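Here is what each chain is made of, one letter per residue.
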Amino acid sequence: MVSRIIPVAPFDLVIFGGTGDLAQRKILPALFRRHCAGQLPGSEWIIGAARAGLSCADYRNIVATALREHCGPRGVDDAELTSFLSRVSYVALDGMGTQGWEELAAQLRPSAEVPVRLFYFSVGPALFAPLAERLHSHGLTNGDTRIVVEKPFGRDLQTAKALNRTLASHFDEGQIYRIDHYLGKETVQNLMAVRFGNMLFEPLWNSQYVDHIQITVAETVGIEGREDYYERSGAMRDMMQNHLMQLLCLIAMEPPAKFDPDAVRDEKLKVIRALDPVEPHHIVRGQYQARQAAEGGAQAHPSYRDTVGNPRSRTESYVALKAHISNWRWAGTPFYLRTGKRLVARSSVINVMFKDAPHSIFGAEAGRHANHLKIRLQPNEGITLSVTIKEPGQGGMRLIDVPLDMSFAEALGEEGGTPPDAYERLIMDVVRGDQTLFMRGDEVEAAWAWTDPIIAGWEARGDVPKPYDSGSTGPGDADLLMRRDGREWRGINP
Ligand code: NAP
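Residues numbered from 1 in each chain as written. Predicted model: local features only at pLDDT ≥ 70, side-chain atom pairs only at ≥ 80, totals over all residues. Heavy atoms only, no water.

We now examine the overall build of the protein. For the protein, the helix and strand inventory stands at 15 helices and 15 strands. Computed over C-alpha atoms, the radius of gyration of the protein comes to 24 Å, within 12% of the 23 Å expected from 2.2 N^0.38 for 494 residues, which places it in the range of a compact globule. If you line up the protein on its principal axes, its C-alpha atoms span 80 × 55 × 50 Å. A total of 494 residues make up the protein; the buried ones form 52% of that total. Restricting the contact set of the protein to residue pairs at least 6 apart, pairs at least 24 apart contribute 76%. When the accessible surface of the protein is split by element, carbon and sulfur atoms take 52% of a total near 21700 Å². Between the mean site of the 55 positive side-chain charges and the mean site of the 62 negative ones, the protein shows a separation of 3 Å. (Helix = DSSP H or I, 4+ residues; strand = E, 2+ residues; numbered from the N terminus. Rg over C-alpha atoms; globule rule 2.2 N^0.38 Å. Buried < 20%, exposed > 50% of the residue type's maximum accessible area, 1.4 Å probe, protein only. Contact = heavy atoms within 4.5 Å. Areas by Shrake-Rupley, 256 points an atom, 1.4 Å probe, with all protein chains shown as cover. Lys, Arg positive; Asp, Glu negative; His and termini not counted. Charge placed at Lys NZ, Arg CZ, Asp CG, Glu CD.)

The subject of this paragraph is the pattern of salt bridges. Going through the model one piece at a time under the given rule, you end up with 31 salt bridges. Its salt-bridge partner being R226, residue D238 comes within 3.2 Å of it at the nearest N-O pair. Residue D238 is located in helix α8 (residues 227-252), and its partner R226 is located in the loop between β7 (210-218) and α8; the two are separated by twelve residues in the primary sequence. Note that R432 is salt-bridged to D429, the shortest N-O span being 2.9 Å. Residue R432 and its partner D429 are both found in helix α13 (residues 422-432); the two are separated by three residues, about one turn of the helix. For D429, a relative accessible area of 2% translates into the label buried. Through salt bridges with shared partners, a single network forms among D262, R265, D266, R440 and D442. (Salt bridge = Lys/Arg side-chain N within 4 Å of Asp/Glu carboxyl O.)

In terms of burial, strand β4 (residues 116-121) is a largely internal element, six of the six residues being buried. Residues V116, L118 and Y120 line one face of β4 and the alternating positions R117, F119 and F121 line the opposite face, and both faces are buried. One ladder, built from six bridges, connects strand β1 (residues 11-16) with β4; its direction is parallel. Pairing of D12 across the sheet is with R117, part of β4. Where β4 lies against strand β5 (residues 145-149), five bridges are found, and the strand directions are parallel. Each bridged residue has a counterpart across the sheet, and for F121 the counterpart in β5 is V149. (Pairing = 2+ DSSP bridges.)

Next up on the list: the nonpolar core. If you look at the biggest cluster of nonpolar residues, it comprises 110 residues, and the most contacted ones within it are F84, F335, V352 and W450. Per-element tally for this core: the top contributor is α8, with 13 residues. Each of domain 1 (12-150) and domain 2 (183-420 + 440-483) gives at least three residues to this core. For W450, the contacting residues outside a window of four places in its chain are M236, M240, M245, L275, D276, V278, L321 and A323. Grouped together as the second largest cluster of nonpolar side chains are 31 residues, W45, A49, A129 and M439 included. (Core = buried A, V, L, I, M, F, W, Y, C linked by side-chain atoms within 4.5 Å. Domains from an automatic or database assignment.)

This part is about the site of the ligand. Around the ligand sit 21 residues, and of these T19, D21, R25, R51 and V123 come closest. Note that an oxygen atom of the ligand is positioned 3.5 Å from one of the backbone N or O atoms of G17. The side chain of T19 places a nitrogen or oxygen atom 2.6 Å from an oxygen atom of the ligand. Expressed as a share of its isolated accessible area of 890 Å², the protein-covered part of the ligand is 73%. Per element, the largest residue contribution to the shell around the ligand is three residues, and it comes from helix α1 (residues 21-36). (Near = heavy atom within 4 Å. Polar contact = N/O pair within 3.5 Å; in protein donor to acceptor, adjacent residues only side chain to side chain.)

It helps to recall that an α-helix has 3.6 residues per turn; residues three or four apart then point in one direction. If you check helix α14 (residues 441-461), its first and last C-alpha atoms are 31 Å apart, about what 21 residues at 1.5 Å a residue would give, namely 30 Å. T451 marks where α14 bends most, by close to 25 degrees; the proline P453 follows one to four residues later. One or two positions beyond α14, positive phi appears at G462, with a value near 65 degrees. (Expected span 1.5 Å × (residues − 1). Bend = angle between axes of the 7 residues up to and from the residue.)

What follows covers the packing of aromatic side chains. Within the structure shown, the criterion is met by 13 aromatic pairs. Look at Y336 and W489: their rings are 6.1 Å apart centre to centre, the planes differ by 75 degrees, and that puts the pair in the edge-to-face class. Placement of the pair is Y336 in strand β10 (residues 335-340) and W489 in the segment after α15 (476-483), with a sequence separation of 153 residues. Exposure class is identical for Y336 and W489. Each is buried. One aromatic cluster is present, built from ring pairs that chain together F16, W101, F119, F121 and F128. We note K185 situated over the ring of Y182; from NZ or CZ to the ring centre the distance is 5.2 Å. Just above the ring of W458 sits the side chain of R285; from NZ or CZ to the centre is 4.1 Å. (Phe/Tyr/Trp six-rings, centres within 6.5 Å; stacked < 30°, edge-to-face > 60°. Lys NZ or Arg CZ within 6 Å of the ring centre and 35° of its normal.)

Now the structure itself:
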């Protein structure tokens, strides 16, 4: 069942921000797991870069500690760790200044020897342009160089365009990998496999048969540790413009002619460009309230406003909206999107709600039954199709809805049950030079062009987010958004 692992080509990888949170929690563990799986060639060279004056031995200690902490329940095998660390080094470097660049150049192997050279920008966005400029001016790039750019990619259309222009002055679009880790999730890729690999769904995948689609990305965590960034960003910029937009694209796009980077991204771009502007009364913003320790034994935590230290903050920690895609396939089928912090459960789910059968031969007493396809991205990745059947037993024709459930953990056995982390997949794609699961510059700009007027409208109206209880499903107005249309959100389940 498990796919064969083909080692990637030798590469040099520089992680700018190699001591940071993302590098320690995601990037280095992803590399280590691929190393243990036998996918790294054994001749890779991984260089952490940051300003801190660390020796190579210091950095290896940091990496070892991070791997022990973040590599999951199976732990870290000492022999694997030693061999992985022997491929790791460190350079103290200032991405905004001049220090360290000669040392970095000295550590990189000649392009003729190792042509694939990756630079991962795991640093704050203010460093993206300076890093690109310095890589170029120090002659560290070649035709096979790839840069990986973390989110946020701009904070509006203007800044995204400016960043695209700077990157484009030093790199071809084919060298720029704008990462959205949602696209690396196994189920997200499965979404394309389910849609375009089966005859079953695609004929029904349109407004004639689909009543509406719900996309929910719910988190239980707050914004602690990211207060400054989040207060300037909010859920719309932090989640909706990128992660939910990408999920919307994959659900709504036309079948690409082939599974190749530009064919897929062309179709996603068409979806974004076909999105109607969102009416102000089709959006609900929320902000979480404090929680007391006594409630259900749950941990106490401060309100959003107390967390950011701004009692008048108007930044949303929750947003729900109704979107319309004006094209032949989706005219008349609304897409309801919601995302928020401090909600009742951590859950990322897409629900495709099909229409009722046109006529019930079983009479009104059989009730209303419509199929729905639930795609769980996390936790417990899998896909469930609910179908209507007869309730077993005597007593007439009573109908019930039952799930046809494909949990990847159960269906694919032990190995399939622990799908690789999104970063594993995405970093290997960068090494292979496959951009299919990365955002193209025009996609990012189109997403900002749709998002900007929404945010500008809030600012112009002085819109204040609705308070909602921590541990709830969000503000009541989000339920009203649905009920006005005679619909209900599906529950947010773990
Ligand atoms: P972080 O923990 O603050 O780490 C920042 C890293 O950048 C540190 O290694 C820091 O080390 C280095 N750095 C800062 N200024 C530098 C400079 N002038 N030159 C060279 N290195 C410098 O940040 P993070 O959470 O890892 O986030 C990194 C990026 O990933 C951000 O763009 C963030 O938005 C994005 N991201 C993070 C997460 C996450 O879960 N953490 C998720 C999605 C996206 P020194 O201070 O020693 O230089």
